[in-house]
Amino acid sequence: MKPLQLTVDNIAKAIFTVNRHAKTALNPSFLYLLKKKAIEKLLEEGKAKKVGLHFSRNPKYSQQQSDVLVAVGDYYFHIPPTKQDFAALPHLGALSDSYRNPSVRMPLSEAKAILIAYTGIKESTERKPKRLTKPMFKRLGDRY
């Protein structure tokens, strides 16, 4: 495997790949955590910029909700807003369907490796064992 280059463009592509896979993953929590931590670190380092607020396409509980639009290189992502975001950022209204992020071909394993190397987060490998109990059948009238 080639060495990982932690450029802003590679990190943005990795976030895009992880975000795309998280939408259909069986357990997306670690993928969304990677996305969130990578974007937060890029914002802290000044390599990403908060653009404004968008109305969420799928609001919780059928109420209006906003998300923060973040620009990372040529890519745009949404993250949950903080209270300061509502005061500081302009509201851009509804999400526009006219813009799409550039398409990228990157394996999920490579994208995860880039974001893990950038953020320093480790994926927990411990799995909670499922405790299966066998059904106990009783004859009618028997007590156990």
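Residues numbered from 1 in each chain as written. Predicted model: local features only at pLDDT ≥ 70, side-chain atom pairs only at ≥ 80, totals over all residues. Heavy atoms only, no water.

- Under an unreviewed UniProt entry, the chain has the name YkyB-like protein and belongs to Geobacillus uzenensis.

### Quick look at the packing of aromatic side chains
Then comes step 1: Overall, the coordinates contain 3 aromatic pairs when judged by the stated rule.
Then comes step 2: Ring geometry for Tyr 75 against Phe 77: centres 6.4 Å apart, planes inclined by 10°, an arrangement best described as stacked.
Then comes step 3: Taking relative accessible area as the criterion, Tyr 75 reaches 3% and is therefore assigned buried.
Then comes step 4: Here Tyr 76 and Tyr 99 contribute two aromatic rings whose centre-to-centre distance is 5.2 Å and whose plane-to-plane angle is 90°, an arrangement assigned as edge-to-face. (Phe/Tyr/Trp six-rings, centres within 6.5 Å; stacked < 30°, edge-to-face > 60°. Buried < 20%, exposed > 50% of the residue type's maximum accessible area, 1.4 Å probe, protein only.)

### What about the pattern of salt bridges?
Then comes step 1: Following the criterion strictly, the structure yields 4 salt bridges and no others.
Then comes step 2: A salt bridge links Asp 9 to Lys 13; its shortest N-O distance comes to 3.3 Å. Taken as a pair, Asp 9 and Lys 13 lie in helix 1 (residues 8-22) at a separation of 4 residues, close to a single helical turn.
Then comes step 3: Residue classification places Lys 13 among the partly exposed positions, given a relative accessible area of 24%.
Then comes step 4: A salt bridge links Glu 45 to Lys 47; its shortest N-O distance comes to 3.3 Å. (Salt bridge = Lys/Arg side-chain N within 4 Å of Asp/Glu carboxyl O. Helix = DSSP H or I, 4+ residues; strand = E, 2+ residues; numbered from the N terminus.)

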